[in-house]
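One letter stands for each residue in the lines below.
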Amino acid sequence: MYVNDPIADMLTRIRNANMVYLDVVDMPLSRVKAAIAKILKEEGYIRNYKVINDPKKPFQVLRVFMQYGPNREHVVQGIKRISKPGRRVYAGSKELPKVMGGLGMAVVSTSQGLMTDAEARKRGLGGEILCNVW
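One structure accompanies this document, and this report is about it.

1. Some details on unusual backbone geometry
It is generally the case that most residues other than glycine have a negative phi and that most peptide bonds are trans. Backbone geometry at Arg-72 places phi at a positive 60 degrees, although glycine is not the residue there. Positive phi is not limited to glycine here, since Met-100 has a value of about 55 degrees. Structurally, Met-100 can be placed in the loop between strand E5 (90–91) and strand E6 (105–110).

Here you go:
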């Protein structure tokens, strides 16, 4: 299945799995998706992720293990795509947004790779704001 915006597809799959309390969600693999999953894991929004190489499928699969609170509370309250293929959104290091007043995070694509908005601010880097997570 061809998707125009693979990052938006990934975020939608995570959002949908979160709404119905799925423990695992699968999606086609790409380096950007793996980097976003790594950031989400480091920040505590997902439990883990794994790359599955199934010889029966024509592509590799990224498996994301969702995380919930002790009483099945949602850890991911919201996840939103900011920069889209039709309208790219860029910000300098001084203009990077603070998501939910600093309680959330933005994933930023910089010249040194993907990182959170706090990390980009600390390194003095700007870039494309891919998504917000809170």
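2. Overview of the packing of helix H1 (residues 6–19) against helix H2 (residues 31–42)
With their axes 10 Å apart at the nearest point, H1 and H2 run at an angle of 40 degrees to one another. On the basis of their axis angle, the class for H1 and H2 is oblique. When you trace H1 past H2, the crossing you get is right-handed. In this structure, H1 contributes Pro-6, Ile-7, Met-10 and Ile-14 to the contact, and H2 contributes Val-32, Lys-33, Ile-36, Ala-37 and Leu-40. Partitioning the contact of H1 with H2 into residue classes produces eight nonpolar, no polar and one charged.

3. Brief notes about the sheet that holds strand E2 (residues 46–52)
Across the sheet, which stays open at both edges, the three strands sit in the order E1-E3-E2 with antiparallel pairing between neighbours. Unpaired on one side and paired on the other, strand E1 (24–28) and E2 mark the two borders of the sheet. Within the sheet, the average angular offset between the axes of one strand and its neighbour, ignoring direction, is 20 degrees. Bridge count between E1 and strand E3 (residues 61–66): five bridges; the pairing is antiparallel. Across the sheet, Val-25 pairs through a bridge with Val-64, a residue of E3. This element, H1, spans E1 and E3 of the sheet and lies at about 165 degrees to E1. Of the strands in this sheet, E1, E2 and E3 touch H2, which is tilted by about 155 degrees from E2.

Analysis parameters
- Residues numbered from 1 in each chain as written.
- Predicted model: local features only at pLDDT ≥ 70, side-chain atom pairs only at ≥ 80, totals over all residues.
- Heavy atoms only, no water.
- Helix = DSSP H or I, 4+ residues; strand = E, 2+ residues; numbered from the N terminus.
- Axes fitted to C-alpha atoms, helices over the stretch in contact; angles between N-to-C directions.
- Parallel < 35°, antiparallel > 145°, perpendicular 65-115°, else oblique.
- Left-handed = near helix turned anticlockwise from the far one by under 90°.
- Contact = heavy atoms within 4.5 Å.
- Nonpolar A, V, L, I, M, F, W, Y, C, P; charged D, E, K, R; others polar.
- Pairing = 2+ DSSP bridges.

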